[in-house]
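Summary of the model geometry
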Amino acid sequence: MKASCRSLVILAFLFSGSSTSFCKQAGDDDPRLLRCVVFGDSTTASREVDGTPLEVYARHLEQRLAGEGVTPVVFNKGVPGDTTEEARRRFEKDVLALRPHLVIIQFGINDSAVDLWRTPPASSPRVPLDSYKTNLKMMVGALKTAGAEVCLMTPNPVRWTARLRELYPGPPYDPTDPDGWNVLLREYAETVRQLAREEKVRLVDVYGAFEEYGRAPGQSIDDLLLDGMHPNSRGHRLIADLLMDELNR
């Protein structure tokens, strides 16, 4: 039988004395309340496809938690174009001020991007790898201090489209290689894995899961993407599956 959310480590935390006092500080009376913030960029943010709202992973997560006897309140704080530098500037308002029990953090695609389309072209990532790690570590440390549970997520891999080839036509990218946009992004994904181990927080390896999906016969990472970069409905369902699996550990 699949474990219910009442058996999750996160809910053991939620019903502990420390989280009870946390809830009282916020004026919350429902002991089943789970405040969750999903904090990221455009791969997290709400969006529409052909005028119809896309069921992003935050929405899936809220629905699935509600079905497990929890009272979830999921705040989607994804902002298109954000790097971890912009995220740090809005972290207090968009995350800590909400007094979350659980925070899911996913950045990396924008941080790793070398903007060849600029005039003059950029020659380095928007956020260097060491600064990316420092920014994420700051967020994790602040959330631990606040008593929140943290789940880091690696960014999803990117696949070429005609538009992306126009924007990123040369080194460090290789438009002739199907995996050629990810030459730097894969290093950022590995940094997230390392940080999760170092900080002993939860990890959902979206990058690895998308790659695993694409290795199966008759499947491709493109099946999970809207436009080479953002997850489609199938991609978001897969991410929600990964999150629920992790929360059930």
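Okay, the pairing of strand β1 (residues 33-40) next. Across the 8 residues that make up β1, a large majority, 8, are buried. Here β1 shows two buried faces, one formed by L33, R35, V37 and F39 and the other by L34, C36, V38 and G40. Across 8 bridges, the pairing between β1 and strand β4 (residues 71-78) is parallel. Each bridged residue has a counterpart across the sheet, and for F39 the counterpart in β4 is K77.

Another aspect to go through is the nonpolar core. Core analysis: the biggest nonpolar cluster contains 28 residues, and Y57, L61, I104, M153, F210 and L243 have the highest contact counts within it. Where this core is concerned, the elements lending two or more residues are β1, α3 (57-66), β5 (102-106), β6 (149-153), α9 (206-215) and α10 (233-247). It is α10 that contributes the most residues to this core, 6 residues altogether. Contact partners of Y57, with chain neighbours within four places excluded, come to V38, T43, T44, I104, Q106, M153, H236, I239, A240 and L243. The next biggest cluster of nonpolar side chains, apart from the first, holds 22 residues, and it includes F91, V127, V150 and L152.

In this section: the side chain of D82. Here D82 lies in the loop between β4 and α4 (84-94). You can call D82 buried: its relative accessible area is 7%.

So, about the confidence of the model for the chain. The share of residues in the chain with pLDDT of 70 or more is 88%, and the mean pLDDT across the chain is 90. Taken as a whole, residues 1-7 scores under 50 in pLDDT and shows 16 contacts with residues more than four places along the chain or in a different chain. Ignoring residues within four places in sequence, the model shows residues 12-27, a span with pLDDT below 50, making 27 contacts including any to other chains.

Let us look at unusual backbone geometry. Here the amide bond leading from T119 into P120 is cis, since omega sits at -5 degrees, within 30 degrees of zero. Positionally, P120 belongs in the loop between α5 (109-112) and α6 (129-146). P171 connects to P172 through a cis peptide bond whose omega is 10 degrees. A positive phi angle is found at D50, which is not glycine, with a value near 55 degrees. Summarising the element assignment, D50 is placed in the loop between β2 (48-49) and β3 (52-53). One non-glycine residue, K200, lies in positive phi territory at about 55 degrees. Position of K200 relative to the elements: it lies in the loop between α8 (185-199) and β7 (202-204). On the basis of relative accessibility, which here comes to 72%, the residue K200 falls in the exposed class.

Before going further, it helps to examine the environment of G78. Assignment of secondary structure puts G78 in strand β4. Given the relative accessible area of 14%, G78 is considered buried. When the C-alpha positions of G78 and D41 are compared, they lie 4.7 Å apart, and in sequence the two are 37 residues distant. If near-sequence neighbours (up to four positions away) are discounted, G78 is found in contact with V38, G40, D41, T44, A45 and R90.

Reading the values: rules and limits
- Residues numbered from 1 in each chain as written.
- Predicted model: local features only at pLDDT ≥ 70, side-chain atom pairs only at ≥ 80, totals over all residues.
- Heavy atoms only, no water.
- Buried < 20%, exposed > 50% of the residue type's maximum accessible area, 1.4 Å probe, protein only.
- Helix = DSSP H or I, 4+ residues; strand = E, 2+ residues; numbered from the N terminus.
- Pairing = 2+ DSSP bridges.
- Core = buried A, V, L, I, M, F, W, Y, C linked by side-chain atoms within 4.5 Å.
- Contact = heavy atoms within 4.5 Å.
- pLDDT = per-residue confidence, 0-100.

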